[in-house]
Amino acid sequence: MSPKNEARIEWNIGRLRAGAIVNVRGTALRSKLIRAALANSWSNHDALLIAHGGKWWIGDAEPPRARLTPLEAYSTDWVKGLRFRVLWPEGATEADGQAAADWWLQHVLGKPYDLAGMFGTLATVRLLAKVVTAKTGIPWPEQWHWAWYCTESVVGAWSSGAGRDVWQNPHPTPRTTENRLASGALRDITAEAICVRPE
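In what follows, the accompanying structure is described.

The rules behind each value
- Within any chain, residue numbers begin from 1 and follow the written order of that chain's sequence.
- The predicted nature of this model means local features are confined to residues of pLDDT at least 70 and side-chain atom pairs, given and counted, to a pLDDT of 80 or more, with totals for whole chains, interfaces and linings taken over all residues.
- Hydrogens and waters are ignored; side-chain quantities use all the structure's heavy atoms.
- Here a helix means four or more residues in a row that DSSP labels H or I, a strand means two or more in a row labelled E, and each is numbered from the N terminus.
- Between buried and exposed lies partly exposed: a residue is buried under 20% and exposed over 50% of the maximum accessible area for its type, with that area taken using a 1.4 Å probe on protein chains only.
- In what follows, residue pairs with any heavy atoms lying within 4.5 Å of each other are defined as contacts.
- Exposure was quantified through the Shrake-Rupley algorithm and a 1.4 Å probe, taking into account, for residues, occlusion by the shown protein chains and nothing else.
- Two N or O atoms form a polar contact when they lie within 3.5 Å of each other; inside protein one atom must be a possible hydrogen donor and the other a possible acceptor, and for residues adjacent in sequence the pair counts only when both atoms belong to side chains.
- We call Phe, Tyr and Trp rings a pair once their centres come within 6.5 Å, taking the six-membered ring for Trp, and we label the pair stacked below 30 degrees between planes, edge-to-face above 60, and tilted otherwise.
- Counted as over-ring charges are cases with an Arg CZ or a Lys NZ within 6 Å of the ring centre that also lie within 35 degrees of the ring normal.

A count of helices and strands for the protein chain gives eight helices and eight strands. Counting across all 199 residues of the protein chain, residues that qualify as buried make up 48%. Once local pairs closer than 6 in sequence are excluded, the contacts in the protein chain between residues at least 24 apart make up 72%. Carbon together with sulfur atoms contributes 57% to the accessible area of the protein chain, which is approximately 9,700 Å² in total.

So this is what it looks like as structure tokens:
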């Protein structure tokens, strides 16, 4: 997708689904570093579409705390090169999506970003954490759920809120989301959610 040819988006408000997964490719250096660490993944962030207070938002678990981001912020960032796709678990109902979104609002919104858990997704750090846990009995912080990183919050919402864990991975990343899209466990519903308008 070229920013020159597809400079802006419009949200199809009447067709949005609560709980839909927003799989994001950011433009910041941090986004590029995350993608490189995830074996050159296409994406570096996962979030959820959420209806709350009569408006649509994107539930983002990002530093320093999980927050509701206005759709307009994603629209503005699209013009600057941000890209995303909207995904849906195969076979999920709208009630499942609403349950996931409600769970995210109740358990994730306002919680600190889980930096320890995010680093825990890297294999070397996980291995060291297992050794420390085995020797001390103290669990690695990624097992504490008072803080959330992006994909962890999305998986928590769908698995605990809707009873659907399509990721099947204790250390999910945006790359895991991509793999589930490729396997057919998630499907791309971007065309329902947004219209891309030429400049």
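With respect to the element layout, Asn12 can be found in the loop between β1 (8–11) and β2 (21–25). At a separation of 2.9 Å, a polar atom in the side chain of Asn12 contacts the main-chain carbonyl oxygen of Glu192. Apart from the residues lying within four places of it in its own chain, the contact partners of Asn12 are Ala191, Glu192, Ala193, Ile194 and Cys195.

We now examine the packing of aromatic side chains. Following the criterion strictly, the structure yields five aromatic pairs and no others. Ring plane angle 80° and centroid distance 5.4 Å describe the contact between Trp78 and Phe84, whose orientation is recorded as edge-to-face. Residues Trp78 and Phe84 agree in their burial class; the two are buried. Taking the centre distance of 5.5 Å and the plane angle of 90° together, the rings of Trp103 and Trp148 count as edge-to-face. In this pair, Trp103 sits in helix α3 (residues 94–107) while Trp148 sits in the loop between α5 (123–136) and α6 (150–161), placing the two residues 45 residues apart along the sequence. Taken as a pair, Trp103 and Trp148 share a single burial class, namely buried. Three or more aromatic residues link up through ring pairs in this structure, and these residues are Trp11, Tyr74, Trp78 and Phe84. One Lys or Arg, Arg17, reaches over the ring of Trp88 and ends 4.9 Å from the middle of that ring. In this structure, Arg83 is placed above the aromatic ring of Trp78, and the distance from its NZ or CZ to the ring centre is 4.1 Å.

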